[in-house]
Amino acid sequence: MSISIRITLAGFEGRWVLRRHIDDRLGGQLGRFEGHADFCETHGGLSYREEGWLTLGSSTPLFASREYLWREEGGRIAVDYADGRPFHDFVPAEGAAFHACDPDSYCVTYDFSGWPDAWQSDWAVTGPRKDYVMTTHYLRA
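As the structure is a prediction and not an experimental result, all values here were calculated from the model.

Comments concerning the overall build of the protein
1) Next: From N to C terminus, the protein includes zero helices and 10 strands.
2) Next: Taken from the N to the C terminus, the helices and strands of the protein come in the order β-β-β-β-β-β-β-β-β-β.
3) Next: Here the C-alpha radius of gyration of the protein, 15 Å, is about what a compact globule of 141 residues would show, namely 14 Å.
4) Next: Dimensions of the protein along its principal axes, counting C-alpha atoms only, are 40 × 30 × 30 Å.
5) Next: Within the span of the protein, comprising 141 residues, buried residues form 35% of the whole.
6) Next: A separation of at least 24 residues holds for 40% of the contacts in the protein among residues at least 6 apart in sequence.
7) Next: Carbon and sulfur atoms make up 53% of the accessible area of the protein, which amounts to about 7800 Å² in all.
8) Next: Averaging the coordinates of the 14 positive side-chain charges in the protein and doing the same for the 21 negative ones gives two points 3 Å apart.

Concerning unusual backbone geometry
1) Next: Put simply, D102 and P103 share a cis peptide bond, and its omega is 15°.
2) Next: The residue P103 is located in the loop between β7 (96-101) and β8 (104-111) in this model.
3) Next: Cis geometry is found at the peptide bond from W115 to P116, where omega equals 15°.
4) Next: Within the element layout of this structure, P116 appears in the loop between β8 and β9 (118-126).

Some points on the pairing of strand β5 (residues 76-81)
1) Next: Bridge analysis of strand β4 (residues 62-73) against β5 gives six bridges, and the strand direction is antiparallel. Bridge assignment links W70 to a residue of β5, and that residue is V79.
2) Next: Between β4 and β5, which follow one another and run antiparallel, lie two residues, and G74 among them has a positive phi close to 55°.
3) Next: As judged from the four bridges shared by β5 and strand β6 (residues 86-90), these two strands associate in the antiparallel manner. Note that in β6 the partner of D80 across the bridge is P86.
4) Next: Hairpin connection of β5 to β6: four residues between the antiparallel strands, including G84 at a positive phi of 95°.

Definitions and limits used
Residues numbered from 1 in each chain as written. Predicted model: local features only at pLDDT ≥ 70, side-chain atom pairs only at ≥ 80, totals over all residues. Heavy atoms only, no water. Helix = DSSP H or I, 4+ residues; strand = E, 2+ residues; numbered from the N terminus. Rg over C-alpha atoms; globule rule 2.2 N^0.38 Å. Buried < 20%, exposed > 50% of the residue type's maximum accessible area, 1.4 Å probe, protein only. Contact = heavy atoms within 4.5 Å. Areas by Shrake-Rupley, 256 points an atom, 1.4 Å probe, with all protein chains shown as cover. Lys, Arg positive; Asp, Glu negative; His and termini not counted. Charge placed at Lys NZ, Arg CZ, Asp CG, Glu CD. Pairing = 2+ DSSP bridges.

Structure follows, in structure tokens:
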């Protein structure tokens, strides 16, 4: 993916409504997550916190949340776990990244064609413990 607009870390700041679709091929069920994500300025970048309701299959929705730190690093956007461990990084104009979590592999493609009002991430996670596809749509709140 090559885009002509410039995407900077500061452009993510604020609240985003998010909707996530999950196809868990290993577990044989579909899931969804509906909530919001907040990107807030913090020392060294933007803190990312998402929270909302996760439904897997026909189960009762559960409240779920997760946090990351997004930061700029040499023309790339680096995404770290909340505890500072590296997760993945990407060049916004290319939008692809990989994370190995042995024995599983995580591949993500970011689509910024709706920027600055909308974007999405598409994850493909494969390995002996996991096999799912997850698409998240972000819409500026």
